[in-house]
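The residues making up each chain are set out below.
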Amino acid sequence: MTETIFVTGGAGFIGSAVVRLLIETTDYNVVNVDKLTYAANLSSLLPASDSPRYTLEKADICDAQAVNALFAKYQPSKVIHLAAESHVDRSIDGPAEFIQTNINGTFVLLEAALKYWKGLDDASKGLFRFLHVSTDEVYGSLGTEGYFHEEHQYQPNSPYSASKAASDHLVRAWHETFGLPTVITNCTNNYGPYQFPEKLIPVVILKILKRERIPVYGKGENIRDWLYVEDHARALWQVVNEGHLGETYCIGGECEKRNIEVVQAICNLMDELAPDAERGKARDLISFVTDRPGHDQRYAMDIGKIRQELGWSPAETFESGLRQTVSWYLENRDWWQAILDSRYAGERLGTGQKQAG
Ligand code: NAD
Ligand code: TYD
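Thresholds applied
Residues numbered from 1 in each chain as written. Chains lettered and ligands numbered in written order. Predicted model: local features only at pLDDT ≥ 70, side-chain atom pairs only at ≥ 80, totals over all residues. Heavy atoms only, no water. Pairing = 2+ DSSP bridges. Helix = DSSP H or I, 4+ residues; strand = E, 2+ residues; numbered from the N terminus. Axes fitted to C-alpha atoms, helices over the stretch in contact; angles between N-to-C directions. Near = heavy atom within 4 Å. Polar contact = N/O pair within 3.5 Å; in protein donor to acceptor, adjacent residues only side chain to side chain. Areas by Shrake-Rupley, 256 points an atom, 1.4 Å probe, with all protein chains shown as cover. Nonpolar A, V, L, I, M, F, W, Y, C, P; charged D, E, K, R; others polar.

Student: Explain the sheet that holds strand E1 (residues 4–8) to me, and be specific about the residues and the numbers.
Tutor: Strand order in the open sheet formed by 7 strands is E3-E2-E1-E4-E5-E6-E11, with parallel pairing between adjacent strands. At either margin of the open sheet sits one strand with a lone partner, and together these are strand E3 (54–58) and strand E11 (248–251). Strand after strand, the sheet turns through a mean of 20° between neighbouring axes, direction not considered. When E1 meets strand E4 (residues 78–81), the two strands line up parallel, connected through 4 bridges.

Right, here's the structure in full:
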């Protein structure tokens, strides 16, 4: 019988890359459990969504009744849990949704998975896996030296990272206390096609296209370690199949860049791929703006464990991944224009002035 896998948050940026990968390269039935928040885009799932092996279930992971019913209906052998509120700036303006979905939602999902798992026969119990997808931001901020790794101390600084840290601890506890077969991944900043234009890389591309100022927070000296989203999706599939139960795997692109370097690289690519001689060079649009409150200085990941234990490593370099990403946004105007017209027009978020409480 064909096995079924749940992907929560499958209409989001990373979730849609996972769904596309699973439909293209495996025989699994894929059930996308997604509330379809502002961050969801069903058009990111084409052409996977045409497959008879793909099903969308619009559901809130905080709704225990709905989630229990989905486990009973589909009898999944694996869960890849990506559903979350994911944007740091929005967590500064309104943390409540982050607490609700990232903490309570993960709790509801764990309880439903546990109840379902306990009712399985021994063979199915042995097969079942729950993969929780988390972030390197739970580890806090690095100075100029050192790297995050699986044993690194948790020290989250934003409402987003604190809520993800809490969810990681819940997953760990459900494994240690109840024996639920879980694995956790913590990854660095993703980039690539289909990323919602609130995150740095699509923000910069679209600001340049519209010839608007490019907002660089602070001095642009903060460092992120960039991971191409399709490399990440591949890693998640490997971890859910081959990862050791109760373990954490850190995933990263081995690609540390200062924000200003990222912005300049995008400016250069835009001048090459979408030149606008009349309106000047893209880099003239760079504008340093008030910093994000609690802005973590540096993230960088040691990926030794996943490389050695599972043989995974990133395939894309930042240069190749960024070129593909910029080209994709240039070729897929309909995808992002629909978002700009209806949901998010590119205004500054996360100054802390709009705290909703
Ligand atoms: P995203 O914001 O693009 O998508 C999140 C998806 O989850 C959306 O489709 C949304 O509709 C869905 N969702 C939100 N609340 C829900 C709820 N209550 N019930 C059901 N569905 C709900 O996020 P992303 O960037 O794809 O991130 C996916 C996961 O990876 C998140 O858990 C995030 O914390 C983690 N992560 C992301 C990054 C990154 O750089 N994007 C880095 C590290 C970790
Ligand atoms: P972001 O894409 O929001 O990811 P995260 O906060 O999870 O790392 O931001 C990446 C970096 O870029 C971060 O240091 C904040 C900075 N940034 C800007 O300078 N300008 C922007 O408009 C945005 C959205 C982010």
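Student: Could you give me a rundown of unusual backbone geometry, with the residues and numbers involved?
Tutor: A cis amide bond links Leu 46 to the next residue, Pro 47, at an omega of 0°. With respect to the helices and strands, Pro 47 occurs in the loop between strand E2 (29–34) and E3. The backbone phi angle of Leu 36 is positive, close to 60°, even though this residue is not glycine. Here Leu 36 is to be found in the loop between E2 and E3. The backbone of Arg 211 shows a phi angle near 55°, a positive value even though the residue is not glycine. Its location among the elements puts Arg 211 in the loop between helix H7 (200–209) and strand E8 (214–217).

Student: I'd love a proper account of the site of ligand 1, names of residues and values included.
Tutor: As a structural note, the neighbourhood of ligand 1 is formed by 28 residues, with Ile 14, Asp 34, Ser 86, Tyr 160 and Lys 164 the closest of them. Measuring from an oxygen atom of ligand 1, one finds a backbone N or O atom of Ile 14 at 2.7 Å. Leu 82 is positioned with one of its backbone polar atoms (N or O) 3.0 Å from an oxygen atom of ligand 1. Protein contact buries 97% of the 840 Å² of open area that ligand 1 shows by itself. Mapped onto the shell around ligand 1, the elements with two or more residues apiece are helix H1 (13–25), strand E5 (129–135) and helix H6 (159–178). With 3 residues, E5 is the largest single contributor of residues to the shell around ligand 1. Here the residues of the shell around ligand 1 sort into 14 nonpolar, 10 polar and 4 charged.

Student: Describe the site of ligand 2, and please don't skip the residues or the numbers.
Tutor: Taken together, 17 residues surround ligand 2, and among them Glu 137, Pro 215, Arg 224, Arg 292 and His 295 come closest. Here an oxygen atom of ligand 2 and a backbone polar atom of Tyr 217 are 2.8 Å apart. Within the side chain of Asn 259, an N or O atom sits 2.8 Å from an oxygen atom of ligand 2. Its free accessible area being 510 Å², ligand 2 has 96% of it covered by the protein chains. A per-element tally of the shell around ligand 2 places E8 first, with 3 residues. Residues of the shell around ligand 2, tallied by class, amount to 7 nonpolar, 5 polar and 5 charged.

Limitation: the analysis is restricted to geometry and does not speak to function.
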